[in-house]
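# Geometric and topological summary
Each chain, letter by letter, is given below.
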Amino acid sequence: MDEFQIIHHGAVTGVTGSCHELFVGAGNSVLIDCGLFQGEEASPGGAHADQLEIDFDIRQVRALLVTHCHIDHVGRIPWLIGAGFDGPIYCSEPTAELLPLVLEDALRIGVTRNEGLIRRFLKRIKKRLKPLGYAQWAVVLPASTGASLKIRFQPAGHILGSAYIECLAKVAGEQKKIIFSGDLGAPYAPLLSAPKPPYSADLLVLETIVCTRGAGSAVIGCRRWWSAALKTGV
Ligand SMILES: [Zn+2]
């Protein structure tokens, strides 16, 4: 395997089921989001809206990084936990507050009304949450593992707590900066921190946006923002 590899487990042919796996060396990876499939979209492994079991190996997954709390980015987390994932869940501080509420709602609507089951699941989720302030670095893989990874969240301006993720990964002395955009909003939105363009990246995973008539100007603003970022050195 290459020293750095990304596998897209969702949001490949559409914009739902967002789930990307970043390998840092052969035996360590992190997931970026774990979202619900909607409509006709399916994963490369065959998962879809009516078949949400995790369809890839998670033994090497050390952590889950969450960009924001929309269901197409977090809705498959119950199935990830069900598959045996017991690592930390890194996210921004507002996302850590919102995530249990969003998942509780999703469970009640789509999975079970069993109060005991829901309560136990939410307790497990809360124990795994690692909230980070914006721009605050966190070590996800320490150098002692042979490969190292540190990450930080930056404001994405999409919804409360939304972030894009900067990953600094190092394998065998080679370091790369890899950015996962999540969903992006436009600057100058009321109530949201303005997005901060990244200074640089070796690799940028940029998600597309569902464009509606009402969101048009925001989308154009957002595209301009990222194309400016790209021109200035990403
Ligand atoms: Zn979103």
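These notes cover the structure that comes with them. None of these values were measured; they are calculated from a predicted model. (Residues numbered from 1 in each chain as written. Predicted model: local features only at pLDDT ≥ 70, side-chain atom pairs only at ≥ 80, totals over all residues.)

### Some points on the sheet that holds strand β8 (residues 147–155)
Note the threshold: A pair of strands is treated as paired once DSSP finds two or more bridges between them. The secondary structure listing takes helices from DSSP runs of H or I that are at least 4 residues long and strands from runs of E that are at least 2 residues long, numbered from the N terminus. Only the stretch in contact is used when fitting a helix axis, every axis being a line fitted to C-alpha atoms; angles between N-to-C directions are given from 0 to 180 degrees.
One open sheet accounts for five strands, arranged β7-β8-β9-β10-β11; its pairing is mixed. Looking along the sheet, the strands with just one partner apiece sit at the ends: β7 (138–141) and β11 (203–205). Put simply, the sheet's adjacent strands are angled 25 degrees from each other on average, direction ignored.

### Section: the nonpolar core
The nonpolar side chains of a soluble globular protein tend to be buried, and buried together. Rule in force here: Note on definitions: a nonpolar core is a set of buried residues drawn from Ala, Val, Leu, Ile, Met, Phe, Trp, Tyr and Cys, linked by C-beta atoms within 7 Å. Exposure criterion: with C-beta atoms placed from backbone coordinates, a residue whose C-beta has 20 or more other C-beta atoms within 10 Å is buried, one with 12 or fewer is exposed, and one in between is partly exposed. Residue pairs are scored as contacts if the distance between their C-beta atoms, which are placed from the backbone, is within 7 Å.
Counting 43 residues, the largest nonpolar core has Val24, Val30, Leu31, Leu64, Leu65, Leu149 and Ile165 as the members making the most contacts within it. In terms of residue count, the dominant contributor to this core is strand β9 (residues 163–171) (six residues). When neighbours within four sequence positions are excluded, leucine 31 is seen to be in contact with Cys19, Glu21, Val61, Leu64 and Leu65.

### Thoughts on the sheet that holds strand β3 (residues 29–32)
Spatial strand order, β1-β2-β3-β4-β5-β6: six strands in an open sheet with mixed pairing. Where the open sheet ends on each side, the last strands, each with one partner, are β1 (4–10) and β6 (129–132). Put simply, the sheet's adjacent strands are angled 25 degrees from each other on average, direction ignored. Where helix α3 (residues 93–110) meets the sheet, its contacts fall on β5 (89–92) and β6, and the angle it forms with β5 comes to roughly 115 degrees.

### Thoughts on the packing of α3 against helix α4 (residues 115–128)
Our working rule: The cut-offs work like this: below 35 degrees is roughly parallel, past 145 is roughly antiparallel, 65 to 115 is roughly perpendicular, and the gaps in between are oblique. Handedness of a crossing follows from how the near helix is turned relative to the far one, being left-handed for an anticlockwise turn of less than a right angle and right-handed for a clockwise one. Only Asp, Glu, Lys and Arg are considered charged, only Ala, Val, Leu, Ile, Met, Phe, Trp, Tyr, Cys and Pro nonpolar, and every remaining residue, Gly among them, polar.
Contact geometry of α3 with α4 gives a least axis separation of 10 Å together with a crossing angle of 150 degrees. Judged by the inter-axis angle, α3 sits roughly antiparallel to α4. The two elements α3 and α4 cross, and the hand of that crossing is right-handed. Only Ile118, Phe121, Leu122, Ile125 and Lys126 of α4 make contact with α3, whose side of the interface consists of Leu99, Pro100, Leu103, Glu104, Leu107 and Arg108. For the contact of α3 with α4, the residue count by class is eight nonpolar, no polar and three charged.

### Details of α3
Under the convention used in this document: A helix is expected to span 1.5 Å for every residue after the first. Bending is quantified residue by residue as the angle between axes fitted to the seven-residue window ending at that residue and the seven-residue window starting at it.
Its 18 residues place the ends of α3 26 Å apart at the C-alpha level, agreeing with the 26 Å of an ideal helix rising 1.5 Å per residue. Remark: the principal bend of α3, roughly 30 degrees, maps to leucine 99, with a proline, proline 100, within the next four residues. Here the buried face of α3 lies against α1 (71–74), α2 (77–82), β5, α4 and β6.

### Considering unusual backbone geometry
With a phi close to 70 degrees, alanine 135 is a non-glycine residue in the positive phi region. Exposure remark for alanine 135: the 12 C-beta atoms within 10 Å place this residue in the exposed category. Of note in the backbone geometry, alanine 172 takes a positive phi value of approximately 50 degrees without being a glycine. Residue position: alanine 172 is located in the loop between β9 and β10 (174–180).

### Focus on the pairing of β3
Residues Ser29 and Leu31 of β3 are buried on one face, and the alternating residues Val30 and Ile32, pointing to the opposite face, are buried as well. Strand direction decides the pairing type here: strand β2 (residues 19–24) and β3, joined by four bridges, are antiparallel. Pairing of glutamate 21 across the sheet is with leucine 31, part of β3. In sequence, β2 turns back onto β3 through a hairpin of four residues, with glycine 25 there showing a positive phi of about 80 degrees. Pairing of β3 with strand β4 (residues 61–65), which is carried by four bridges, proceeds in the parallel orientation. Bridge pairing in β4 places leucine 31 opposite leucine 64.

### Quick notes on the environment of cysteine 19
Along the polypeptide, cysteine 19 turns up in strand β2. A tally of 26 C-beta atoms within 10 Å means that cysteine 19 is categorised as buried. As for cysteine 19 and leucine 65, which are separated by 46 residues in sequence, their C-alpha atoms are 9.9 Å apart. For cysteine 19, the residues in contact, after removing those within four places along its chain, are His9, Gly10, Leu31, Asp33, Cys34, Gly35 and Arg76.

### So, α4
Counted at 1.5 Å a residue, the expected span for α4 with its 14 residues is 20 Å, and the 20 Å between its end C-alpha atoms agrees. Within α4, only one of the 14 residues are buried, which leaves it mostly out in the open.

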